[in-house]
Amino acid sequence: AGVSIGEDGPSQMALEDFAFFRTIPHSVSFYPSDAVSAERAVELAANYDGAVYIRTSRPNFPILYKNDEVFQIGKAKVKESKRQRIESQRSVVDHR
């Protein structure tokens, strides 16, 4: 699994690891946006018949999803808030 560089900020973090792994045929890549989606990514990875890459973030982000939220491979989730952001790659685009 990849790990973000954390408090140094997204501009100090390369994206090549995530991009590279996506080129491997029949592989799956996850970049969870909170602890709940990270736990679900591990569950999905454990049950996937193939290579899986999970990139996690080091910073302590707020919880966005309820514990019973359902996640599926190949399906995106969009959360709306006062401040628009892409949740699938939160630590890259969520500049606070």
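Thresholds, definitions, all that
Residues numbered from 1 in each chain as written. Predicted model: local features only at pLDDT ≥ 70, side-chain atom pairs only at ≥ 80, totals over all residues. Heavy atoms only, no water. Helix = DSSP H or I, 4+ residues; strand = E, 2+ residues; numbered from the N terminus. Buried < 20%, exposed > 50% of the residue type's maximum accessible area, 1.4 Å probe, protein only. Contact = heavy atoms within 4.5 Å. Areas by Shrake-Rupley, 256 points an atom, 1.4 Å probe, with all protein chains shown as cover. Salt bridge = Lys/Arg side-chain N within 4 Å of Asp/Glu carboxyl O. Core = buried A, V, L, I, M, F, W, Y, C linked by side-chain atoms within 4.5 Å. Pairing = 2+ DSSP bridges. Right-handed = clockwise from strand over helix to strand, strands pointing away. pLDDT = per-residue confidence, 0-100.

### Re the overall build of the protein
So, point 1. Each helix and strand counted, the protein has three helices and three strands in total.
So, point 2. Secondary structure of the protein in N-to-C order comes out as β-α-β-α-β-α.
So, point 3. Among the 96 residues that make up the protein, the fraction classed as buried is 34%.
So, point 4. The long-range fraction of contacts in the protein, counting pairs at least 24 apart against all pairs at least 6 apart in sequence, stands at 65%.
So, point 5. Of the accessible surface of the protein, which amounts to about 6600 Å², a share of 53% is contributed by carbon and sulfur atoms.

### Brief notes about the pattern of salt bridges
So, point 1. For the structure on display, the rule yields four salt bridges.
So, point 2. Several salt bridges converge on common partners, so that one network encompasses Glu 39, Arg 40 and Glu 43.

### Some remarks on the nonpolar core
So, point 1. Core analysis: the largest hydrophobic core is formed by five residues, namely Val 28, Phe 30, Ala 41, Ala 45 and Ile 54.
So, point 2. Looking at this core, the elements with two or more residues in it are strand S2 (28-30) and helix H2 (35-47).
So, point 3. If we skip the residues at most four places from it in the chain, Phe 30 touches Phe 18, Ala 41, Leu 44, Ala 45, Val 52, Tyr 53, Ile 54, Arg 55 and Ile 73.

### Comments concerning the pairing of strand S3 (residues 52-56)
So, point 1. In the sheet, S2 pairs with S3 via three bridges, with the strands oriented parallel. Residue pairing across strands places Phe 30 opposite Ile 54, the latter belonging to S3.
So, point 2. The parallel pair S2 and S3, bridged by H2, forms a crossover whose chirality is right-handed.

### A short note on the confidence of the model for the protein
In low-pLDDT segments, the atomic positions of the prediction should not be examined closely.
So, point 1. Residue-level pLDDT values for the protein average 76, and 68% of them are 70 or greater.
So, point 2. Confidence scores differ between elements of the protein, with helix H3 (residues 90-93) showing the lowest mean pLDDT of 45 and H2 the highest of 93.
So, point 3. Low pLDDT (under 50) marks residues 85-96, which in the prediction has 32 contacts with non-local residues, meaning those over four places away or in another chain.

### Overview of the environment of Val 52
So, point 1. Along the chain, the position of Val 52 falls in strand S3.
So, point 2. What makes Val 52 partly exposed here is its relative accessible area of 25%.
So, point 3. When the C-alpha positions of Val 52 and Arg 22 are compared, they lie 9.5 Å apart, and in sequence the two are 30 residues distant.
So, point 4. The contacts of Val 52, once residues within four sequence positions are left out, are Phe 21, Val 28, Phe 30 and Ala 45.

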